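# Examination of the molecular architecture
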Amino acid sequence: MSFACSLFSALLLMAFSALSALAATDDGVSLSQTRVVFLAGDKAQTIKVKNSGTQKYLIQSRVQRDVKNAGAAPFVVTPPLFTLGPEGQQLLRILKQDDTLPADRESLFYLSVSAIPAQPAPMLDKTRLSMGFQFAIKLFYRPENLQIAPEDASCRLTFTPVKEGVRVENPTPYFLSLGVLKFDRQVIDLNTQPSMVAPMSTAFYSVNKPFRQAQWQTITDFGGLSADCRQSVSPSQE
């Protein structure tokens, strides 16, 4: 890592009085999309950072394993560090570095874009703080020749009542992010319960029982909602 990148990272840690994970926009700075799908055949993917405000920002971008883990990931972002002035924009280019990811299912990473207001001069007052913020959006790596098309995966979830609530199984090779989930008229709060089910995996939900039907929609590659999916749910056998 260059000295400039290391210094910027240190400034972020010292100067951020509030740090939030955002989906699309904050304080005049915005991203052109809410998720990135990197296909195995892609040489690169791009995303635009735009500043529609009047403040100049220092921007640092990287791909990481999860929201809180900044460990190495098999992607690089160029440019990793730049200044974004008022009414300015910059195209980020995401490049894959190796071919060791699973070939039978998607892999999930996060594109982190951090911003801190640029200071016109060194901060002499050590107690002075700047308000910074961070975008953290999902980056899905999608292998070729998966068993079903992504648009056919949404309604493949299966729901089984269990003692603790409901077990949801995802038999597909895709990460299925839920935008809406209901059991009869009971709406699940996806901010406090799992909002995504990993490929070929399960998730559990606390639900008031009994109920007869599950109803859900997933988030598409373009950030919208899929068609409505419904499944009749049999009483628990456990």
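Just above sits the structure.
Quick summary incoming for the structure in this document. Given the structure is predicted, the values throughout are model-derived calculations rather than measurements.

### Some thoughts on the overall build of the protein chain
A count of helical and extended segments in the protein chain gives one helix and 19 strands. A buried classification covers 42% of the 238 residues belonging to the protein chain. Taking the intrachain contacts of the protein chain between residues at least 6 apart in sequence as the baseline, contacts between residues at least 24 apart amount to 66%. With the model as given, the accessible surface of the protein chain reaches about 13,000 Å², and the carbon-plus-sulfur share is 52%.

### Quick word on the side chain of S112
Topologically, S112 is positioned in strand β10 (residues 107-117). Within the structure, S112 has its side chain in polar contact with the side chain of Q134 (distance 2.6 Å). Each residue touching S112, except ones within four places of it in the same chain, is listed here: Q60, S61, R62, Q64, Q134 and F135.

### As for the environment of D152
With respect to the helices and strands, D152 occurs in the loop between β11 (133-142) and β12 (158-162). With a relative accessible area of 44%, D152 lands in the partly exposed category. The sequence separation of D152 and T172 amounts to 20 residues, and the corresponding C-alpha distance is 9.4 Å.

### Details of the environment of L181
For L181, the position within the fold is in strand β14 (residues 176-183). Exposure remark for L181: the relative accessible area of 1% places this residue in the buried category. As for L181 and S195, which are separated by 14 residues in sequence, their C-alpha atoms are 9.0 Å apart. Ignoring any residue separated from it by four or fewer positions in sequence, one finds L181 in contact with F159, Q186, V187, I188, L190, Y205, Q215 and W216.

### Regarding the sheet that holds strand β13 (residues 165-170)
What the three strands build is an open sheet, ordered β12-β13-β17; its pairing is antiparallel. Sheet topology places β12 and β17 (201-205) at the edges, where each strand pairs with a single neighbour. Sheet twist, expressed as the mean angle between neighbouring strand axes with direction ignored, is 25 degrees. In this sheet, β17 lies alongside β13 in antiparallel orientation, the contact comprising five bridges. The partner of N170 across the bridge, within β17, is S201.

### Focus on the packing of aromatic side chains
The full count for this structure, using the stated rule, is nine aromatic pairs. With a centroid separation of 5.3 Å and an interplanar angle of 65 degrees, the aromatic rings of F38 and F75 are classed as edge-to-face. Of this pair, F38 sits in strand β4 (residues 35-39) while F75 sits in strand β7 (residues 75-78), and the two are 37 residues apart along the sequence. Of the two residues, F38 and F75, both sit in the buried class. Relative to F211, the ring of F183 lies with its centre 4.9 Å away and its plane at 55 degrees, an arrangement referred to as tilted. Remark: F211 occurs in the loop between β17 and β18 (213-218) and F183 occurs in strand β14; sequence separation between them is 28 residues. Accessibility classification places F183 together with F211 in one group, the buried group. Through a chain of ring-to-ring contacts, three or more aromatic side chains come together here, namely F38, F75, F109 and Y141. One cation-aromatic arrangement involves K96 over Y141; the distance from NZ or CZ to the ring centre is 5.0 Å.

### Observations regarding the nonpolar core
Residues I47, V63, F75, I94, L111, V113 and L139 are the most contacted members of the largest nonpolar core, which totals 26 residues. Here this core takes five residues from β11, the largest share from any one element. When near neighbours in sequence (up to four residues on either side) are disregarded, V63 contacts G71, A73, F75, V77, I94, F109, Y110, L111 and L139.

Rules of the game
- Residues numbered from 1 in each chain as written.
- Predicted model: local features only at pLDDT ≥ 70, side-chain atom pairs only at ≥ 80, totals over all residues.
- Heavy atoms only, no water.
- Helix = DSSP H or I, 4+ residues; strand = E, 2+ residues; numbered from the N terminus.
- Buried < 20%, exposed > 50% of the residue type's maximum accessible area, 1.4 Å probe, protein only.
- Contact = heavy atoms within 4.5 Å.
- Areas by Shrake-Rupley, 256 points an atom, 1.4 Å probe, with all protein chains shown as cover.
- Polar contact = N/O pair within 3.5 Å; in protein donor to acceptor, adjacent residues only side chain to side chain.
- Pairing = 2+ DSSP bridges.
- Axes fitted to C-alpha atoms, helices over the stretch in contact; angles between N-to-C directions.
- Phe/Tyr/Trp six-rings, centres within 6.5 Å; stacked < 30°, edge-to-face > 60°.
- Lys NZ or Arg CZ within 6 Å of the ring centre and 35° of its normal.
- Core = buried A, V, L, I, M, F, W, Y, C linked by side-chain atoms within 4.5 Å.

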